[in-house]
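Listed here are the chains, written in short residue letters.
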Amino acid sequence: MFIKVPKGTQDILPEDTPKWYYIKNIIREILTKYGYQEIRTPSFEYTELFVRGIGESTDIVTKEMFTFPDRKGRSLTLRPEGTAPVVRAYLENKMDRSSQVVKLFYIGPMFRCEKPQAGRFRQFNQFGIEVIGTKSPVVDVEVIIAALEIYKKLGLKNLEILINSVGCKRCRAIYVQKLKEFIKDKKDFLCSECVNRYEKNPLRILDCKKDNCQKIIKTAPIITDYLCQECKQHFKEVKSYLNDLKIKYYVEPRLVRGLDYYTKTSFEIVSGELGAQNAIGGGGRYDDLVEELGGKPTPAVGFAAGIERMIIVMNQQKIGWPKNKGLDIFVAKVSERNKNIAFKLLQKIRNAGLSADMDYSAKSLKSQMRIAHKIGAKYTMIIGEEEISKNMVTLRNMKTKEQKEVEVDNLINELEKGSLG
Ligand SMILES: [Zn+2]
Ligand SMILES: [Zn+2]
């Protein structure tokens, strides 16, 4: 019996890694264009960061974190999300002293101990954007359009933007009171999780996918009716900037996100293809989080998306991936006697900046040609006994099957000016 990957994790095999390069390159390219800089934080943090940052009563903190003591007994947690670590780094590295708004992005693995299902893994990769230091509604919109541009560049179709405002501490408290009053006499019809949420985190009931809960929620009061003047104005401006840019969106007054720290704008980008779990990214404002984590009151807004889910949707939408580049040259030898020359030439080709490989076991020329074909080499360089004694090799174009003899000293020249490309 051999050992398997831990439950809920997966290997990304060589045939798939080019997809990851491709996606990450597009993310980096577009976010750089928008003026964001990449930050990399550790894969684990002190547990307290997430308890304080994400919220004690959230699903993530109560049941999804991988938490373990280090050898001195301090509690560590594999990061379940990227925003709290970025804010921690922002404060720790005194980025709050910058007079500029800080615009950061990250790409990396996150860890949540969830029930594995389609598109959900216990180690998954996220990219995220964080803008810290401005309350301007313009950046809410910038975050949305930067994310949209990434999806569009990847070729994703049928995308919709859902937006909502979850208000601020003050107006949300009033709304939550109204919501509780409304649900109070219907509590018996809620699912057991929502009964729990009713006490700890009633807003999350709006998020429940169970039919019975949905039925109750449908007629519940909506938060946008209870926004204070400031929140109302902010939401109005976000919508008007989106209108100015002719970006279609739907106001979804029941949209709340799984993390406690959101304030004002909250949004999701959904794709028709994923079924019930159709959000492929989301985010919102978190004006209280920096203060919550020990900084001065500092408004901020962010977005995060799971890359595995993006790949699933891209596959469902049959979006073509760029072709693997393949190998430029496969070096084949007629006789084992020439393996030293073969290895020397191989290195010479690599030094000239071309990709090259050879067979390291004593295979026949026929099987070497088969390997060259299988790995998609553009050329095979054949070292024949007689030719090499004249300091010549044979170059075979694997597509056209044309062959020609080339002088070794002239090899790189030939390859460069030849139809390699
Ligand atoms: Zn408010
Ligand atoms: Zn429920």
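Computed from a predicted model, the values in this text were never measured in an experiment.

Reading guide: rules and limits
- Residues numbered from 1 in each chain as written.
- Chains lettered and ligands numbered in written order.
- Predicted model: local features only at pLDDT ≥ 70, side-chain atom pairs only at ≥ 80, totals over all residues.
- Heavy atoms only, no water.
- Helix = DSSP H or I, 4+ residues; strand = E, 2+ residues; numbered from the N terminus.
- Rg over C-alpha atoms; globule rule 2.2 N^0.38 Å.
- Buried < 20%, exposed > 50% of the residue type's maximum accessible area, 1.4 Å probe, protein only.
- Contact = heavy atoms within 4.5 Å.
- Areas by Shrake-Rupley, 256 points an atom, 1.4 Å probe, with all protein chains shown as cover.
- Lys, Arg positive; Asp, Glu negative; His and termini not counted.
- Charge placed at Lys NZ, Arg CZ, Asp CG, Glu CD.
- Salt bridge = Lys/Arg side-chain N within 4 Å of Asp/Glu carboxyl O.
- Donors = N, O, S within 2.8 Å, 3.2 Å for Na, K, Ca; no water.
- Tetrahedral: all angles 85-135°; square planar, octahedral: opposite > 155°, others 65-115°.
- Pairing = 2+ DSSP bridges.
- Expected span 1.5 Å × (residues − 1).
- Polar contact = N/O pair within 3.5 Å; in protein donor to acceptor, adjacent residues only side chain to side chain.
- Domains from an automatic or database assignment.

Draft legend 1. Molecular detail of the overall build of the protein. From N to C terminus, the protein includes 15 helices and 16 strands. By the compact-globule yardstick of 22 Å for 421 residues, the protein is too spread out, its C-alpha radius of gyration being 28 Å. For the protein, the C-alpha atoms occupy an extent of roughly 95 × 55 × 45 Å along the three principal directions. In the protein, which comprises 421 residues, the share counted as buried stands at 51%. Of the contacts made within the protein by residues no fewer than 6 positions apart, 68% connect residues no fewer than 24 positions apart. Summed over all atoms, the accessible surface of the protein reaches about 22,100 Å², with 51% contributed by carbon and sulfur. Taken as two groups, the 71 positive and 53 negative side-chain charges of the protein have centres that lie 2 Å from each other.

Draft legend 2. Representation of the pattern of salt bridges in the model. Going through the model one piece at a time under the given rule, you end up with 30 salt bridges. We note a salt bridge from Arg 88 to Glu 45, for which the minimum N-O separation is 2.7 Å. Highlighted residues: Arg 88 in helix H4 (residues 83-92) and Glu 45 in strand E2 (residues 44-46), separated in sequence by 43 residues. Residue classification places Glu 45 among the buried residues on the basis of a relative accessible area of 7%. Measuring nitrogen to oxygen at the nearest pair gives 2.9 Å for the salt bridge that ties Lys 103 to Glu 142. Taken together, the residues Lys 103 in strand E5 (residues 102-111) and Glu 142 in helix H5 (residues 137-153) connect sequence positions 39 residues apart. One salt-bridge network, held together by shared partners, links Asp 140, Arg 170, Glu 230, Lys 264, Arg 285 and Asp 287.

Draft legend 3. Quick look at the coordination of the zinc ion (ligand 2). The zinc ion (ligand 2) binds to the protein through Cys 191 (SG), Cys 194 (SG), Cys 208 (SG) and Cys 213 (SG), with metal-donor distances spanning 2.2 to 2.3 Å. Coordination at the zinc ion (ligand 2) is tetrahedral: its four donor atoms span angles of 105 to 116° at the metal. Read from N- to C-terminus, the donor residues coordinating the zinc ion (ligand 2) fall into the pattern C-x2-C-x13-C-x4-C. A residue is classified by how much of its surface remains accessible, and Cys 208, at 5% relative accessible area, is buried.

Draft legend 4. Highlighting the coordination of the zinc ion (ligand 1). Bound to the zinc ion (ligand 1) are the protein donor atoms Cys 168 (SG), Cys 171 (SG), Cys 228 (SG) and Cys 231 (SG), situated 2.3 Å from the metal. Angles of 104 to 117° at the metal separate the four donor atoms of the zinc ion (ligand 1), which places the site in the tetrahedral class. All donors of the zinc ion (ligand 1) come from a single chain, and their spacing in sequence reads C-x2-C-x56-C-x2-C. Of the two residues, Cys 168 is situated in the loop between strand E7 (159-165) and helix H6 (169-184) and Cys 231 in helix H9 (residues 229-244); the sequence distance between them amounts to 63 residues. Residue Cys 168 shares its accessibility class with Cys 231, and that shared class is buried.

Draft legend 5. Just the sheet that holds E5, in detail. Taken in spatial order, the eight strands make up an open sheet running E1-E5-E6-E11-E10-E9-E7-E8, and their pairing is mixed. At either end of the open sheet lies a strand with only one pairing partner, and these are strand E1 (37-38) and strand E8 (250-251). Bridging between E1 and E5 involves two bridges; their strand directions are parallel. Its bridge partner being in E5, Gln 37 is matched across the sheet by Leu 104.

Draft legend 6. H5, seen in detail. If you check H5, its first and last C-alpha atoms are 25 Å apart, about what 17 residues at 1.5 Å a residue would give, namely 24 Å. Buried residues dominate H5, accounting for 12 of its 17 residues. When H5 is considered as a whole, its buried residues turn out to be Pro 137, Val 139, Asp 140, Val 141, Glu 142, Val 143, Ile 144, Ala 146, Ala 147, Leu 148, Ile 150 and Tyr 151. Where H5 starts, the residue carrying a side-chain oxygen 3.0 Å from the main-chain nitrogen of Val 138 turns out to be Ser 136.

Draft legend 7. Examining the domain arrangement of the protein more closely. Looking at the protein, the domain boundaries give domain 1 (17-168 + 228-316) and domain 2 (329-415). Each of domain 1 and domain 2 has a C-alpha centre, and the two are 50 Å apart.

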